[in-house]
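Here's the letter readout for the chains.
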Amino acid sequence: MYDAGDHMKFGFPMAFTATILSWAILEYGDQMAAVNQLQPAQDSLKWITDYLINAHPSKNVLYIQVGDPVVDHGCWDRPETMTEKRPLAQIDTSTPGSDVAGETAAALAAASLVYRATDSSYSSTLLEHAQQLFDFSDKYRGIYSVSIPEVATYYNSTGYGDELLWAASWLYHATGDNRYLNYVTVQYGKKFANWGSPTWFSWDDKLPGTQVLLSRVSFFGGNGISNSENSGLQMYRKTAEAIMCGLIPSSPTATSSRTASGLIWVSDWNSLQHPVASAFLAVIYSDYMLSSRTAKIDCSGKSYSASDIRKFATSQADYVLGQNPLKLSYLVGYGDKYPQYVHHRGASIPANAKTSCKDGFKWLESEQPNPNVATGALVGGPFLNETFIDARNNSMQTEPSTYNCALLVGLFSGLVTTSSVVQSFT
C-alpha cells in the first residue's frame, strides 16, 4: 500500500492508482486475459480497494494517510520489519477534503464495475462506499491539503472541482443514474470542467481523464440524455479532442512540452508520469474512434485519424522501453539496460539483512546495485535534456510510484492490439 519508495500510505495517489487500474481493466481486460494478466490485475486492485473500504469507517470520515513522513523519511529499513510509529490523518466534516474523498469515490465506483460480474456482493459494497464518499465530498467542500497543511509537502492538491466531476462521471457509469450525468454537464460543467483548455492528466488533475471518459458517452450514447446534458457532453468531447491535437507532434496545435526526442515532458520530478498518462488517454481515445467508426478529428483545419493518435501513444511507450538517446529502459527488469539503483527501501536492502531505523542507511548509500530487482517498477524518468542519473539518492529520477505503474498497465494493455472497446461497462 506504499505509494512509492518509502513506507508512507498516502490515500490521494493510492486512490488514483485504483481508479486508473480499474479503467484499464474495464477497457482492456480481454487483452490482459490474453496474456494471463487479468487475474493479477484484479488481485492488485482488490488489495487497494480493501484498504480504501477500511479507511472509510463511517459516511463522513475517511483516513487519508498512515505514517508521519518526517519520521518515515528519517529511516531506511525493510518494510517487513519497520517499527516507526504510524499516526493517522483523517478528513471529516470539520476538516474536509473533497479532492481525496472524490478520488476515493471514483476509485470505488470504477472498481465496482470491475467486480460486478464476478463478485456482485463486493461490487455492491464498493458502490455503496463510493456514493457515500461522493455525497460527503460534495456537501462538505474543501481542499484536503488546506484542511491538513502537513500533507501539502508531498501530495499537495490544487483544487477539488476536477475530482468532483471525475467521481460523478464514474458513478454515472456505475449506476446509470442521470443525476450524476446532470451534475457533470449541466450543474457544474461550466464551473469546474475548464472546457476548451487542455491540461495534463496526473494524480492531481483529473480533468483530462474526465473529458476522455465522458467522451465515451458522447461516442456510444446513453439512456434518457437531455439536450442540455448532450450539449455538455459535446463540450467534454471537444476538449478531449483538443488534448489529442496537442499530443500529435505534427498538429498545428501540438504542445512544445517535449524533449528533443519527442517525449512529453512537463516536470523534473517524476517526469514520466505525464507522457505515460497522456499516452494512456490517447490509446483509449483512438479506440473510441475506431469502435464508433469516427474517421477523423480536426486540429485547426488539419485532420488526423485514430492511427495518428495511436502512433503518438506508441512513441511514448517505446521511449519508456528503451528507444531513447540513452538506450535505457525506464521499466525496471525489462531489457538489457535498466536502472540499478532504484530509490526503494525494499529493493535496496538484502532480504536477510537486519535493520533498524538508522542503520539501514548504509544500504541507501551503498555503491552496489540493488540486491532485489523491483521488476515492473517505472522510475521517475529523464530530465528535459534527456539525461538520467541512476543513483539511489536521486529520488527525483529513480523513485517508482504505483500510479505511474497503473497508467503503464493501461497503456501497454491498450497497445497489445488495435481493439474494439465495449460500448458499455455494464
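In what follows, the accompanying structure is described. (Residues numbered from 1 in each chain as written. Predicted model: local features only at pLDDT ≥ 70, side-chain atom pairs only at ≥ 80, totals over all residues. Heavy atoms only, no water.)

Focus: the environment of Val-212
Stage number 1. Locating Val-212 in the fold gives a position in helix H11 (residues 207-220).
Stage number 2. By relative accessible area, Val-212 is classed as buried at 0%.
Stage number 3. Sequence spacing of Val-212 and Lys-238 is 26 residues, and the spatial spacing of their C-alpha atoms is 9.6 Å.
Stage number 4. Excluding residues that lie within four positions of it along the chain, Val-212 makes contacts with Trp-23, Ala-240, Met-244, Leu-281, Ile-284, Tyr-285 and Tyr-288. (Helix = DSSP H or I, 4+ residues; strand = E, 2+ residues; numbered from the N terminus. Buried < 20%, exposed > 50% of the residue type's maximum accessible area, 1.4 Å probe, protein only. Contact = heavy atoms within 4.5 Å.)

Some details on the pattern of salt bridges
Stage number 1. Applying the stated criterion to the full structure yields eight salt bridges.
Stage number 2. A salt bridge links Glu-80 to Arg-78, with the nearest nitrogen and oxygen atoms 3.4 Å apart.
Stage number 3. Using a relative accessible area of 13% as the deciding quantity, one classes Arg-78 as buried.
Stage number 4. Three or more residues are tied together by salt bridges with common partners; here these are Glu-103, Glu-163 and Lys-206. (Salt bridge = Lys/Arg side-chain N within 4 Å of Asp/Glu carboxyl O.)

What to know about the side chain of Arg-216
Stage number 1. When you line up the elements, Arg-216 lands in helix H11.
Stage number 2. A distance of 3.3 Å separates a polar atom in the side chain of Arg-216 from the backbone oxygen of Gln-423.
Stage number 3. Apart from residues lying up to four places away in sequence, Arg-216 is in contact with Glu-27, His-173, Gly-221, Tyr-288, Val-421, Val-422, Gln-423, Ser-424 and Phe-425. (Polar contact = N/O pair within 3.5 Å; in protein donor to acceptor, adjacent residues only side chain to side chain.)

Structural notes on unusual backbone geometry
Stage number 1. Positive phi, normally seen in glycine, also occurs at Asn-194, with a value near 55°.
Stage number 2. Summarising the element assignment, Asn-194 is placed in the loop between helix H10 (189-192) and H11.
Stage number 3. Even without glycine at this site, Lys-327 takes up a positive phi of about 55°.
Stage number 4. Mapped onto the fold, Lys-327 is located in the loop between helix H14 (306-320) and helix H15 (345-348).

As for helix H13 (residues 273-291)
Stage number 1. With 19 residues, H13 should cover 27 Å at 1.5 Å per step; its first-to-last C-alpha distance of 27 Å lies within 8% of that length.
Stage number 2. Burial of H13 is extensive: 18 of the 19 residues sit out of reach of the surface. (Expected span 1.5 Å × (residues − 1).)

Here we look at the state of the cysteines
Stage number 1. Inspection of every chain in the model, using the stated rule, returns two disulfides.
Stage number 2. The side chain of Cys-75 participates in a disulfide bridge whose partner is Cys-357; the two sulfur atoms lie 2.0 Å from each other. Handedness of the Cys-75-Cys-357 disulfide follows from its S-S torsion of about -85°: it is left-handed. You can see Cys-75 sitting in the loop between helix H3 (69-72) and strand E3 (88-91) and its partner Cys-357 sitting in the loop between H15 and helix H16 (361-364), a full 282 residues away along the chain.
Stage number 3. According to the relative accessible area criterion, Cys-75 is buried, its value standing at 2%.
Stage number 4. On the basis of relative accessible area, Cys-357 is assigned to the partly exposed category, the value being 22%.
Stage number 5. A disulfide bridge connects Cys-245 with Cys-299, and the sulfur atoms are separated by 2.0 Å. On the sign convention where negative means left-handed, the S-S torsion of about -85° between Cys-245 and Cys-299 marks this disulfide as left-handed. On the criterion of sequence distance, the pair formed by Cys-245 in helix H12 (residues 227-247) and Cys-299 in strand E4 (residues 297-299) is long-range, its members being 54 residues apart. Cys-299 carries the same exposure label as Cys-245, and that label is buried.
Stage number 6. Cysteine pairing in the protein follows 1-4, 2-3, where each cysteine in a disulfide is numbered by its order in the sequence. (Disulfide = S-S within 2.5 Å.)

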